[in-house]
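# Results of the structural survey
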Amino acid sequence: MNLFQYISENFNKIMELFVEHFFLFLFSIIITTIIGVSLSIIATDEGREKIGKTILSITGAAQAVPSIAVIALVFIYVGIGKTPTIISLIIYSLVPVIFNATSGILSVPKGVIEAGKGMGFTKNQILWKLKIPIAVPVIMGGIRSAATIIIGTAVIASVIGGGGLGDLIFTGLKLNRPEALVAGAASSAILAIIIDRILGYVEKIITPKGLKVEK
Amino acid sequence: MMSDSNMNEKQATENKENEQGENQKYTIELKNVTKRFGNDVAVDKLNLQMEKGTITMLIGPSGCGKTTTMKMINRLVQLDEGEIKLEGTSVYDIDPVQLRRTIGYVIQEIGLFPHFTVYDNIATVPRLLKWDESKIKKRVEELLDMVTLDSSYAYRYPLQLSGGERQRVGLARALGADPEVLLMDEPFGAIDPINRLKLHDSFLEIQDEIKKTIVFVTHDINEAIKLGDKVAIIRDGKLVQYANSTEILYNPANKFVENLLGQDRSLKALTLKRTKDFISSEDTITLDKEISEEEVLKLLQEKDQIVAFVLDENGKLSGRYWLEKTRKDKVEINYDESPILTEQNNTLNESLSTMFSSGEKLLPVVNRRNKFMGVIRLNHIFEEFNK
């Protein structure tokens, strides 16, 4: 049976898994962004720069941990199903979000913050009017890598009952049907590309113009 | 006994008068201000008074406590002991955020907000104070004009500006809400020497217009002497000398101040004199653009001069004619589109230096907006000094 025949015969099933995969991604990325950026904001608050730097080295190293290890650990402690899947996706994708958000906020020029403070910005104004907007490109970079990681890792997480396109791939593996495997892999790759394009566009829109101008 | 108590009374009333006088006279007062970082005393029982509308320079070696002293005024640094008063009110009686909105602040890195346009940068404090947008617009235009930046700069971003332009925007931003007091922390430190001199001149001209009370931190003694109405020399957190520039140059308090001033003290004294005070009263020929070369030549020979300056319709210097003897009795007329010049607020030693390096004994003097103000002549300057 060739690939196209397989796809046309199982189109509805593939679409169903595709949508399921997308929602796994959507839940995870929203929660991971909220948690990751909040943690970074707390860790980079005035006087806590040391904590921020420690977090940078921890998250830097944590990027080398294999995703399967995280999934296995969550499986041991939480069990199987959608919830453990999303938990493991969030934990694994927090790493790039925190790493980028923390380094982005820490790299806002000190002079900018001092000038803001000296001119009478409140703490909140320094955060929302200065630190976050200037760090936006770096923070978005972290969210984009998290998105790609989530879509890829969700495939593997189907072993703990997460569902999504991973099911197709593992079915192909078990039944020795390469068409299913390729269809699953290609679909998740397409999803990843679409999402990255969309996030790229979002990044372009929310990056302040002054950071992009030519000298 | 009788006379003693009279004396005391008299003294008491005098003291009272002094206190009242001080309240009006001094905008900023530091009394016994002390700051410690751990066991290190950064500022040690410092007393300083800054008069309204003057520039006070804080100078000393790095780590002497000058920046700390300045930052205690807008409470970026908490003091440990003593008192700081701003127009009679202790700064600790004012909410720090509100306090900072009433004090202009310029730092060395300038700290322009890269994601804000020049307009939005300058509008920062007025917006924090919730000014009306139309009032802000007027203020921004006014300030851009004051720092001699074209209004087209309003919508540029800091990344698109040169170092000097950023500095000007930084000053305009600090003046945004028209604060009475301005704190400046080595604002020209990152600018190359030539542009720094230019910025000094425009800074002084601007101060002539706005008359703010300015506290200015520097480590450059030339800058301190040139800009300061008063100079406070600080060492190890202690005040070594606090006096005007002339006093410091001619009566340094001790060896430390002498060393800080360097060997060329009398030449440095030239920096206390402004070029505009030496503009020659003798006739100088000025022309408009329309006039032909032959006419200029005739005019120059008639008046027995060798230089004539061309001004545009706004009185701005736009060129120079000069005569050159080529051969015996043969005279050639030359035109120079961008003549060597000096600014009226340049110090005398800057103008003399320009004369020496260009070999010109006569220089045109212009103001900040390049308007022709007159000329200075080398022999005339010497005569003035010999008087």
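Shown above is the structure to which this text applies.
What comes next concerns the included structure.

### Comments concerning the overall build of chain B
Across its full length, chain B holds 15 helices and 17 strands. Along the longest, intermediate and shortest principal axes, the C-alpha atoms of chain B span 85 × 60 × 40 Å. Residue burial in chain B is summarised as follows: out of 387 residues, 50% are buried. For chain B, restricting intrachain contacts to residue pairs at least 6 apart in sequence, the fraction spanning at least 24 positions comes to 60%. Counting every atom, chain B has about 19,600 Å² of accessible surface; 45% of that belongs to carbon and sulfur. Computing the positive centroid from 53 side-chain charges and the negative centroid from 63, chain B places the two 2 Å apart.

### Brief notes about helix 5 (residues 82–106) of chain A
Since one α-helical turn is 3.6 residues long, residues separated by three or four positions face the same way. Between its first and last C-alpha atoms helix 5 of chain A spans 35 Å; for 25 residues at 1.5 Å apiece the expected length is 36 Å, and the two agree. Within helix 5 of chain A, 18 of the 25 residues are buried, which leaves the element mostly enclosed by the surrounding structure.

### Observations concerning the packing of helix 6 (residues 110–118) of chain A against helix 7 (residues 123–157) of chain A
To describe two helices that pack against each other, one gives the angle between their axes and the distance between the axes. Residues and elements named next belong to chain A. Running from amino to carboxyl end, helix 6 crosses helix 7 at an angle of 165°, the nearest separation of the two axes being 11 Å. Classified by the interaxial angle, the pair formed by helix 6 and helix 7 is roughly antiparallel. Where helix 6 crosses over helix 7, the handedness of that crossing is right-handed. Counted together, Val112, Ile113, Gly116 and Lys117 of helix 6 and Ile126, Leu130, Lys131 and Ile134 of helix 7 form the full contact between these two elements. Of the residues contributing to the contact of helix 6 with helix 7, the split by class is five nonpolar, one polar and two charged.

### Let's talk about the interface of chain B and chain A
Tallying the contact residues gives 24 residues for chain B and 23 residues for chain A. Note on chain B versus chain A: buried area summed over both sides is about 2,100 Å², and carbon and sulfur give 69% of it. Per-residue buried area on chain B facing chain A is highest for His115, Tyr157 and Leu159 of chain B; these three make up 27% of the total on that side. Joining chain B to chain A, the criterion identifies five residue pairs in polar contact (both at pLDDT 80 or more). Only helix 3 (96–101), strand 6 (103–106) and helix 5 (124–128) of chain B provide two or more residues apiece to the side of chain B that touches chain A. Tallied by class, residues from the side of chain B that touches chain A come to 14 nonpolar, five polar and five charged.

### A few points about the pairing of strand 14 (residues 331–336) of chain B
Along a regular strand, successive side chains alternate from one face of the sheet to the other. All names here are of chain B. Relative to strand 14, strand 13 (residues 317–325) runs antiparallel, the two being bridged by six bridges. The residue of strand 14 that forms the bridge with Trp322 is Asn334. Two successive antiparallel strands, strand 13 and strand 14, enclose a turn made up of five residues, where Asp329 displays a positive phi of approximately 65°.

### A word on the packing of helix 2 (residues 11–43) of chain A against helix 9 (residues 178–206) of chain A
All names here are of chain A. Between helix 2 and helix 9, the least distance of the axes is 11 Å, while the angle of their chain directions is 45°. One way to sum up the angle between helix 2 and helix 9 is to call them oblique. Here helix 2 and helix 9 pass one another in a crossing that is right-handed. Contacts from Ile14, Phe18, His21, Phe22 and Phe25 of helix 2 reach helix 9 at Ala183, Ser187, Ser188, Leu191 and Ile195.

### Quick look at the sheet that holds strand 9 (residues 230–235) of chain B
Residue and element names in this part refer to chain B. Strand order in the open sheet made by the six strands is 6-7-8-3-9-10, with mixed pairing throughout. The outermost strands of the open sheet, each flanked by one partner alone, are strand 6 and strand 10 (238–243). Sheet twist, expressed as the average angle between the axes of neighbouring strands with direction ignored, equals 15°. With five bridges joining them, strand 9 and strand 10 adopt antiparallel strand pairing. Along strand 10, the bridge assignment pairs Ile233 with Gln241.

### Side note on the sheet that holds strand 14 of chain B
All names here are of chain B. Read across the sheet, four strands follow the order 11-12-13-14 without closing on themselves; strand pairing throughout is mixed. Each edge of the sheet is formed by a strand with only one pairing partner; in this case those strands are strand 11 (285–287) and strand 14. Within this sheet the neighbouring strands show an average axis-to-axis angle of 25°, counted without direction. As defined by bridge partners, strand 11 adjoins strand 12 (residues 307–311) across three bridges and the pair is classed as parallel. Counted as the bridge partner of Thr286 is Phe309 from strand 12. Along the sheet face, helix 13 (residues 293–303) touches strand 11, strand 12, strand 13 and strand 14 and points at about 165° away from the line of strand 11.

### Comments concerning the pairing of strand 1 (residues 26–37) of chain B
Residue and element names in this part refer to chain B. Note that strand 1 and strand 2 (residues 40–51) share eight bridges and pair antiparallel. Following the sheet pairing, Phe37 is matched in strand 2 by Asp40. With antiparallel pairing between neighbouring strands as the criterion, strand 1 and strand 2 make up a hairpin whose turn holds two residues, including Gly38 at a positive phi of roughly 65°. Relative to strand 4 (residues 81–86), strand 1 runs antiparallel, the two sharing five bridges. Of the residues in strand 4, the one forming a bridge with Leu30 is Ile84.

### Some details on the side chain of Arg100 of chain B
Residue position: Arg100 of chain B is located in helix 3. Buried charged residue Arg100 of chain B carries no salt bridge. Nearest counter-charge: Glu46 of chain A, at 7.8 Å. Of note is the side chain of Arg100 of chain B, whose polar atom sits 2.9 Å from the backbone oxygen of Asn74 of chain B. Each residue touching Arg100 of chain B, except ones within four places of it in the same chain, is listed here: Lys117, Gly118, Met119 and Gly120 of chain A together with Asn74, Arg75 and Leu76 of chain B.

### What to know about a nonpolar patch on the surface
A cluster of nonpolar side chains, Phe11, Met15, Val19, Phe23, Phe27, Ile30, Ile31, Ile34, Ile35, Leu39 and Ile42 of chain A, forms an exposed patch at the surface whose accessible area comes to about 970 Å². Among the structural elements, Leu39 of chain A can be located in helix 2.

Conventions we followed
- Residues numbered from 1 in each chain as written.
- Chains lettered and ligands numbered in written order.
- Predicted model: local features only at pLDDT ≥ 70, side-chain atom pairs only at ≥ 80, totals over all residues.
- Heavy atoms only, no water.
- Helix = DSSP H or I, 4+ residues; strand = E, 2+ residues; numbered from the N terminus.
- Buried < 20%, exposed > 50% of the residue type's maximum accessible area, 1.4 Å probe, protein only.
- Contact = heavy atoms within 4.5 Å.
- Areas by Shrake-Rupley, 256 points an atom, 1.4 Å probe, with all protein chains shown as cover.
- Lys, Arg positive; Asp, Glu negative; His and termini not counted.
- Charge placed at Lys NZ, Arg CZ, Asp CG, Glu CD.
- Expected span 1.5 Å × (residues − 1).
- Axes fitted to C-alpha atoms, helices over the stretch in contact; angles between N-to-C directions.
- Parallel < 35°, antiparallel > 145°, perpendicular 65-115°, else oblique.
- Left-handed = near helix turned anticlockwise from the far one by under 90°.
- Nonpolar A, V, L, I, M, F, W, Y, C, P; charged D, E, K, R; others polar.
- Buried area = accessible area lost by both parts, 1.4 Å probe.
- Polar contact = N/O pair within 3.5 Å; in protein donor to acceptor, adjacent residues only side chain to side chain.
- Pairing = 2+ DSSP bridges.
- Salt bridge = Lys/Arg side-chain N within 4 Å of Asp/Glu carboxyl O.
- Patch = residues over 30% accessible without salt bridge, like charges linked within 9 Å, V, L, I, M, F, W, Y side chains within 5 Å.

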